[in-house]
Amino acid sequence: MIYLFYTLLVIFIGYLIYKAYKNTHDIKINNIKITPDTESEQGDFLSILHLSDLHLENISFTSEQLSQTLANKSIDMIVLTGDFLDRKRTIPKLIPYLKVLQKIQPKYGIYAVLGNHDYVLKKDDLNKLTKIMADHDCHILQNDSKTITINGNLINIIGIDDYSTKRSNLPRAFQQVNAGMNIVITHDPTIVLEMEDYRFDYLMAGHFHGGQICYPKAYHLVKMGKLARKNIIKGLHKHNDSPFYISEGLGQTGLNIRVGSRPEITFHDVSVQSKAS
């Protein structure tokens, strides 16, 4: 009887793990529209593809599937918000994904920041990673910014380095920012709680994987900062009236399983208006 009980228990646990693994294949496509406060401010919309947390050691979404998903999509800009990988041997695995994104040739470019897992790499390996990304037209922003112009409107793309590994430097990130609209990309969204003196119109991040394993809440994330303790770990939110979005990411860390969360690809349509500094 005891043997039967343990046999059934093992089968049940195995089934749950299998289901949790299958969840990693269930990609959701989210479409987010950020509109102005008043219709009088209505301008053009910037279409942004947002990918985060590929964690290429544990990903169930191939570059071929990514290519199929993005086919015939209108994309003005691509942003990548960190945690690509954390092992040297995985670096070549990133190249097919980058080729898919490079082939899109978004009008306003590809921008990326690094995450805490990327910084696990040794210096030479990290340099190899960033060089491969640069070779595939990715602008890597480490507390830096780029300015683009859309129909006469200045748009600052500001990349804040990883907050969780204490690499964020807000004064440096905003040092070259011009009067205009500020779009921020970063890995750990907790940085928004320290940005009272640094204006942003929209911010995109990742880091939390939507909890990855939620039962029903992601209690295991409480050690990851103030946002996580408030259960602000995915989706669209506001801080001081400024909107920010947290992606659940495409890959997984630890085990290639998800419970109560799903991998995500996000399309953001962001209204572009003239802004004062």
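Residues numbered from 1 in each chain as written. Predicted model: local features only at pLDDT ≥ 70, side-chain atom pairs only at ≥ 80, totals over all residues. Heavy atoms only, no water.

I tried to follow the overall build of the protein chain on my own but got confused; where do I start?
Secondary structure summary: the protein chain contains 6 helices and 12 strands in total. Taken against the 2.2 N^0.38 rule, which gives 19 Å for 277 residues, the C-alpha radius of gyration of the protein chain at 19 Å falls within 12% of a compact globule. Taken along its principal axes, the extent of the C-alpha atoms in the protein chain is 75 × 35 × 35 Å. Taking all 277 residues of the protein chain together, 52% fall into the buried category. A separation of at least 24 residues holds for 74% of the contacts in the protein chain among residues at least 6 apart in sequence. Per element, the accessible surface of the protein chain, about 13600 Å² overall, is 52% carbon and sulfur. Of the side chains in the protein chain, 31 bear a positive and 28 a negative charge, and the two mean positions are spaced by 7 Å. (Helix = DSSP H or I, 4+ residues; strand = E, 2+ residues; numbered from the N terminus. Rg over C-alpha atoms; globule rule 2.2 N^0.38 Å. Buried < 20%, exposed > 50% of the residue type's maximum accessible area, 1.4 Å probe, protein only. Contact = heavy atoms within 4.5 Å. Areas by Shrake-Rupley, 256 points an atom, 1.4 Å probe, with all protein chains shown as cover. Lys, Arg positive; Asp, Glu negative; His and termini not counted. Charge placed at Lys NZ, Arg CZ, Asp CG, Glu CD.)

What's the story with the sheet that holds strand E7 (residues 153-160) in this structure? I'm lost.
Two orientations exist for strands paired in a sheet by backbone hydrogen bonds: parallel and antiparallel. In spatial order, the strands read E6-E7-E8-E9-E11-E10; together these 6 strands make up an open sheet with mixed pairing. Of all the strands in the sheet, just strand E6 (144-150) and strand E10 (235-239) have a single pairing partner and so form its edges. Strand-to-strand twist across the sheet, computed as the mean angle between neighbouring axes with direction ignored, equals 20°. Judged from the 7 bridges that link them, E6 and E7 form a sheet pairing that is antiparallel. Bridge pairing in E7 links Ser145 to Ile158. (Pairing = 2+ DSSP bridges. Axes fitted to C-alpha atoms, helices over the stretch in contact; angles between N-to-C directions.)

Explain the layout of surface pockets to me, please; I cannot follow it from the model alone.
Rolled over the atoms, a probe sized like a water molecule indicates the empty space that remains. Counted as a void, the second largest pocket has a volume near 250 Å³. Looking at the second largest pocket, it is lined by 17 residues, and the ones nearest its centre are His209, His220, Leu221, Met224 and Thr253. (1 Å grid on protein atoms, 1.4 Å probe; cavity = no way out; pocket = protein on both sides within 12 Å on 5 of 7 lines; lining within 4 Å. Points joined across faces, edges and corners; volume = space filled by probe spheres on them.)

Where do I start with the packing of aromatic side chains in this structure?
Here the distance between the centres and the angle between the planes together describe a pair of aromatic rings. All told, the structure shown has 1 aromatic pair when counted by the stated rule. Taken together, a centroid distance of 5.1 Å and an interplanar angle of 50° make the contact between Phe174 and Tyr198 tilted. Note that Phe174 is positioned in the loop between helix H5 (170-173) and strand E8 (181-186) and Tyr198 in the loop between E8 and strand E9 (202-205), a separation of 24 residues in sequence. Geometry around Phe267 places Lys73 over its ring, the cationic atom sitting 5.1 Å from the centre. The ring of Tyr119 carries Arg167 above its face, with NZ or CZ at 3.7 Å from the centroid. (Phe/Tyr/Trp six-rings, centres within 6.5 Å; stacked < 30°, edge-to-face > 60°. Lys NZ or Arg CZ within 6 Å of the ring centre and 35° of its normal.)

Help me out: how do you make sense of the packing of helix H2 (residues 63-70) against helix H3 (residues 91-104) in this one?
Geometry of a packed helix pair, given as the angle between the helix axes and the separation of the axes. Across the interface, H2 lies against H3 with an axial gap of 8 Å and an inter-helix angle of 20°. The angle between H2 and H3 places the two elements in the roughly parallel class. Along this stretch, H2 crosses H3, giving a crossing that reads as right-handed. Seen from H2, the contacting residues are Ser63, Leu66, Ser67 and Leu70; seen from H3, they are Pro96, Tyr97, Val100, Leu101 and Ile104. Among the residues making up the contact of H2 with H3, the classes are represented as 7 nonpolar, 2 polar and no charged. (Parallel < 35°, antiparallel > 145°, perpendicular 65-115°, else oblique. Left-handed = near helix turned anticlockwise from the far one by under 90°. Nonpolar A, V, L, I, M, F, W, Y, C, P; charged D, E, K, R; others polar.)

For this particular structure, what's the right way to read the packing of H3 against helix H4 (residues 123-135)?
Running from N to C, H3 and H4 cross one another at 20°; their axes reach a closest spacing of 9 Å. In this view, H3 runs roughly parallel relative to H4, as classed from their interaxial angle. For the crossing formed where H3 meets H4, the hand is right-handed. Of the residues in H4, those touching H3 at Ile91, Leu94, Ile95, Leu98 and Gln102 are Asp125, Lys128, Leu129, Ile132, Met133 and Asp135. Grouping the constituent residues of the contact of H3 with H4 by class yields 7 nonpolar, 1 polar and 3 charged.

I keep staring at the environment of Asp125 and nothing clicks. Help me out?
Structurally, Asp125 can be placed in helix H4. In contact with Asp125, not counting residues within four places along its chain, are Lys88 and Ile91.

Sorry if this is basic, but what is going on with the pattern of salt bridges here?
It is possible for side chains bearing opposite charge to pair when their charged atoms get close. Counted according to the given criterion, the structure contains 6 salt bridges. Lys234 is the partner of Glu248 in a salt bridge, and the nearest nitrogen-oxygen pair spans 4.0 Å. Of the two residues, Glu248 sits in the loop between strand E11 (242-246) and strand E12 (264-272) while Lys234 sits in the loop between helix H6 (226-229) and E10, which places them 14 residues apart along the sequence. Residue classification places Glu248 among the buried positions, given a relative accessible area of 2%. We classify Lys234 as partly exposed; its relative accessible area is 37%. Taken together, the shared-partner salt bridges connect Lys28, Lys234 and Glu248 into one network. (Salt bridge = Lys/Arg side-chain N within 4 Å of Asp/Glu carboxyl O.)

How should I be thinking about unusual backbone geometry in this particular structure?
Glycine aside, the phi torsion of most residues is negative, and most peptide linkages are trans. The phi dihedral of Asp83 is positive, around 60°, even though this residue is not glycine. Note on placement: Asp83 falls in the loop between strand E3 (77-81) and H3. Classification of Asp83 as buried rests on a relative accessible area of 1%. Despite not being glycine, Lys166 has its phi angle at roughly 60°, a positive value. Along the chain, Lys166 falls in the loop between E7 and H5.

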